[in-house]
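Spelled out, the chains give:
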Amino acid sequence: RNGISRPKGYTVSWHANPEVEKHHFGMAHPMKPWRLTLTKEIVMAYGMHTAMDTHLSRAATVEELVEFHKEDYIDFLSSVTPQNLATNYPWLKPGAVGYSGPFFGVGEDCPIFDGLFEYCSLYAGASIDAARKLTSHQSDIAINWSGGLHHAKKAEASGFCYINDIVLAILQLLRHHPRVLYIDIDVHHGDGVEQAFWSTDRVLTLSFHKYDKETFFPGTGPLDDTGPTHPDNPGAHHSLNVPLNDGIDDVSYQWLFESVVGPCIDTYRPTAIVLQCGADSLGHDRLGCFNLNIQGHGSCVSYVKSFKIPLLVVGGGGYTPRNVARAWAHETSICIGADKDLDPTLPLHTPFRHHFAEEGPTLFPPLHATRFENKNPRTYLESIVTAIREQLRYMHG
Ligand code: V1S
Ligand code: CA
Ligand code: ZN
């Protein structure tokens, strides 16, 4: 099977539970957990699972969830169902007496669906397990494609995210690691993670995203938003944001990513890294507006891996399921060091094959066809790099 073998000198672990994939947000909703099934189909067809320690993840416990989230919010998530919603929470209905806007963030973006709490606790459990594999030195790279849900707040669901598995995983890492770097290449701003670690210098958060305060969710993450700067806040200058315009391509993104991430690692000297690989920054995404190819997106993973620092890799957004699956399968191959060995023709012979018919059975379809013109001139990218370097000078390592 393509001769995939275990990586030499380091261990990669894969954390997943197929129960996650069975949940449905609703027909019209762009978040499709079955994209994880497609990802796994490709990974297994190439034989990549034989090169990793594969762990069936378990549900996070309530005690684990309340390490970040508020207890009444977890109580709500664990007891609400589509059936009891209207009876138990009548004030949730717009127009009802006492209605005061979305309740715990519930609404069209974050609907209450069957099995919601199982879905949440399973993806969170996988990220916590993955982080523990790193802290116990049993893995050097740990992967949870079902995680990466970066918008969830302490007591509020937001942007398809209910539990912030990334925050929970970083809290685990902080038990053993003095400094954690969080990098977020989802097309959206990683606001929930940024906010959670806003007041500490032990986590440096760095998000690349499309930024438009008025028209693009969540409307936060301008370049100059680097953490509250009052003198006694240790977290000042420890939130970095790279706001981008439509249409950025592989060459620009790769140059920018390396020009920003390199100095961040050199200056901050993290002892662990969490990489959120939201695949909605790919071209042809249903919600995104960038023009990245699978290779361009994957080059971020290769670059981060090259520093040989304990690494937690999580998923995130990604709304054209077949391309999400291609990207995350390719990135799995990068993690195990097999990317150069893969035949780019998808070795799929199962009924899943038809999902890839549109672009043909290839791992690397061209996704750069410019639905969005590149509105990020070189001068703009250079000004970002200058500003980030400026921010890093405030950091005392
Ligand atoms: N963009 C976008 C978008 N589309 C939807 C949506 C569409 C159909 C549905 F049935 C339900 C929702 N919501 C949004 C965004 C949220 C994007 C979340 C991205 C999550 C992530 O990739 O970063 C991580 C997993 N919400 C909005 O733009 C808010 C609205 C302002 C517009 C859409 N309506 C449905 C709610 C209010
Ligand atoms: Ca991002
Ligand atoms: Zn996103």
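Refer to the preceding data block for the structure.
**Some points on helix 1 (residues 35–45)**
For an α-helix, 3.6 residues make a turn, and residues three or four places apart therefore share a direction.
(1) Moving on: With eight of its eleven residues buried, helix 1 lies for the most part within the structure.
(2) Moving on: Within helix 1, burial applies to Arg35, Leu36, Thr37, Leu38, Thr39, Ile42, Val43 and Ala45.

**Things to note about unusual backbone geometry**
Excluding glycine, residues mostly have negative phi values, and the peptide bonds linking residues are mostly trans.
(1) Moving on: In this model, Phe217 is joined to Pro218 through a cis peptide bond whose omega is -10 degrees.
(2) Moving on: A positive phi angle is found at Phe104, which is not glycine, with a value near 50 degrees.
(3) Moving on: Looking at the element boundaries, Phe104 is found in the loop between helix 4 (85–88) and helix 5 (116–135).
(4) Moving on: The phi dihedral of Arg269 is positive, around 50 degrees, even though this residue is not glycine.
(5) Moving on: For Arg269, the location among the structural elements is in the loop between helix 8 (250–268) and strand 7 (272–276).

**Considerations on the coordination of the calcium ion (ligand 2)**
(1) Moving on: Distances from the calcium ion (ligand 2) to its protein donors, namely Asp184 (O), Asp184 (OD), Asp186 (O), His188 (O), Ser207 (OG) and Phe208 (O), fall within the range 2.4 to 3.0 Å.
(2) Moving on: In this structure, the calcium ion (ligand 2) is surrounded by six donor atoms whose angles at the metal cover 69 to 167 degrees, and the resulting shape is irregular.
(3) Moving on: Taken in chain order, the donor set of the calcium ion (ligand 2) reads D-x1-D-x1-H-x18-S-F. Each of the two residues, Asp184 as well as Asp186, counts as buried.

**Looking at the side chain of Asn17**
(1) Moving on: Its place among the elements puts Asn17 in the loop between strand 1 (12–16) and helix 1.
(2) Moving on: Side-chain polar atoms of Asn17 contact the backbone nitrogen of Glu19, separated by 2.9 Å.
(3) Moving on: Separated by 2.8 Å, the side chain of Asn17 and the backbone oxygen of Ser57 make a polar contact.
(4) Moving on: Excluding anything up to four places from it in sequence, Asn17 contacts Leu56, Ser57 and Leu122.

**Let's talk about the sheet that holds strand 1**
Within a sheet, neighbouring strands are paired by backbone hydrogen bonds and run either parallel or antiparallel to one another.
(1) Moving on: Strand order in this open sheet of eight strands is 2-1-3-8-7-4-5-6, and the pairing throughout is parallel. The strands lining the two open edges of the sheet, one partner per strand, are strand 2 (53–56) and strand 6 (239–244). Shown here is a sheet whose adjacent strand axes are inclined to one another by a mean of 15 degrees, direction ignored.
(2) Moving on: Pairing of strand 1 with strand 3 (residues 141–144), which is carried by three bridges, proceeds in the parallel orientation. Its bridge partner lying in strand 3, Ser13 is registered against Ala142.
(3) Moving on: Sitting on the sheet, helix 5 touches strand 1, strand 2, strand 3 and strand 8 (311–314), and the angle it makes with strand 3 is about 180 degrees.
(4) Moving on: Sheet contacts for helix 9 (residues 294–305): strand 3, strand 4 (180–184), strand 7 and strand 8; angle to strand 7, the most-contacted strand, approximately 175 degrees.

**Things to note about the nonpolar core**
(1) Moving on: Core analysis: the largest hydrophobic core is formed by 125 residues, its most contacted members being Tyr162, Ile170, Ile183, Phe208, Tyr253, Leu256 and Phe257.
(2) Moving on: Top contributing element to this core by residue count: helix 5, with eleven residues.
(3) Moving on: Look past the residues within four positions of Ile183 in its chain and what remains in contact with it is Leu206, Phe208, Phe257, Val261, Ile273, Val274, Leu275, Gln276 and Val304.

**Digging into the coordination of the zinc ion (ligand 3)**
Angles at a metal have ideal values that depend on geometry: 109.5 degrees with four tetrahedral donors, 90 or 180 degrees with six octahedral donors.
(1) Moving on: Coordination of the zinc ion (ligand 3) by the protein involves Asp186 (OD), His188 (ND1) and Asp280 (OD), with metal-donor separations of 1.9 to 2.0 Å.
(2) Moving on: The sequence pattern describing where the donors of the zinc ion (ligand 3) fall on their chain is D-x1-H-x91-D. One end of the pair, Asp186, is in the loop between strand 4 and helix 7 (191–196); the other, Asp280, is in the loop between strand 7 and helix 9, with 94 residues separating them in the sequence. Like Asp280, Asp186 is buried.

**Some thoughts on the site of ligand 1**
(1) Moving on: Around ligand 1 sit 19 residues, and of these Asp109, His150, His151, Asp280 and Tyr319 come closest.
(2) Moving on: One of the side-chain nitrogen or oxygen atoms of Asp109 is found 2.7 Å away from a nitrogen atom of ligand 1.
(3) Moving on: Residues belonging to the shell around ligand 1 are distributed by class as follows: nine nonpolar, six polar and four charged.

**Here's the deal with the packing of aromatic side chains**
(1) Moving on: Under the defined criterion, the tally for this structure stands at 19 aromatic pairs.
(2) Moving on: Judged by centre distance (5.5 Å) and plane angle (55 degrees), the ring pair of Tyr73 and Phe104 falls under tilted. In this pair, Tyr73 is assigned in helix 3 (residues 71–79) and Phe104 in the loop between helix 4 and helix 5, connecting sequence segments 31 residues apart. Both residues of the pair, Tyr73 and Phe104, belong to the buried class.
(3) Moving on: Seen in terms of ring centroids, Phe76 and Phe103 are 5.3 Å apart; in terms of plane orientation they differ by 85 degrees. Their pairing is edge-to-face. Within this pair, whereas Phe76 is found in helix 3, its partner Phe103 is found in the loop between helix 4 and helix 5, the two being separated by 27 residues in sequence.

**Things to note about the pattern of salt bridges**
(1) Moving on: Using the criterion set out here, one finds 15 salt bridges in the structure.
(2) Moving on: For Arg58, the salt bridge goes to Asp129, with nearest N and O atoms at 3.0 Å. One end of the pair, Arg58, is in the loop between strand 2 and helix 2 (62–65); the other, Asp129, is in helix 5, with 71 residues separating them in the sequence.
(3) Moving on: A relative accessible area of 29% places Arg58 in the partly exposed class.
(4) Moving on: You can call Asp129 buried: its relative accessible area is 16%.
(5) Moving on: Across the salt bridge formed by Arg378 and Glu382, the nearest N and O atoms sit 3.2 Å from each other.

Conventions adopted
Residues numbered from 1 in each chain as written. Chains lettered and ligands numbered in written order. Predicted model: local features only at pLDDT ≥ 70, side-chain atom pairs only at ≥ 80, totals over all residues. Heavy atoms only, no water. Buried < 20%, exposed > 50% of the residue type's maximum accessible area, 1.4 Å probe, protein only. Helix = DSSP H or I, 4+ residues; strand = E, 2+ residues; numbered from the N terminus. Donors = N, O, S within 2.8 Å, 3.2 Å for Na, K, Ca; no water. Tetrahedral: all angles 85-135°; square planar, octahedral: opposite > 155°, others 65-115°. Polar contact = N/O pair within 3.5 Å; in protein donor to acceptor, adjacent residues only side chain to side chain. Contact = heavy atoms within 4.5 Å. Pairing = 2+ DSSP bridges. Axes fitted to C-alpha atoms, helices over the stretch in contact; angles between N-to-C directions. Core = buried A, V, L, I, M, F, W, Y, C linked by side-chain atoms within 4.5 Å. Near = heavy atom within 4 Å. Nonpolar A, V, L, I, M, F, W, Y, C, P; charged D, E, K, R; others polar. Phe/Tyr/Trp six-rings, centres within 6.5 Å; stacked < 30°, edge-to-face > 60°. Salt bridge = Lys/Arg side-chain N within 4 Å of Asp/Glu carboxyl O.

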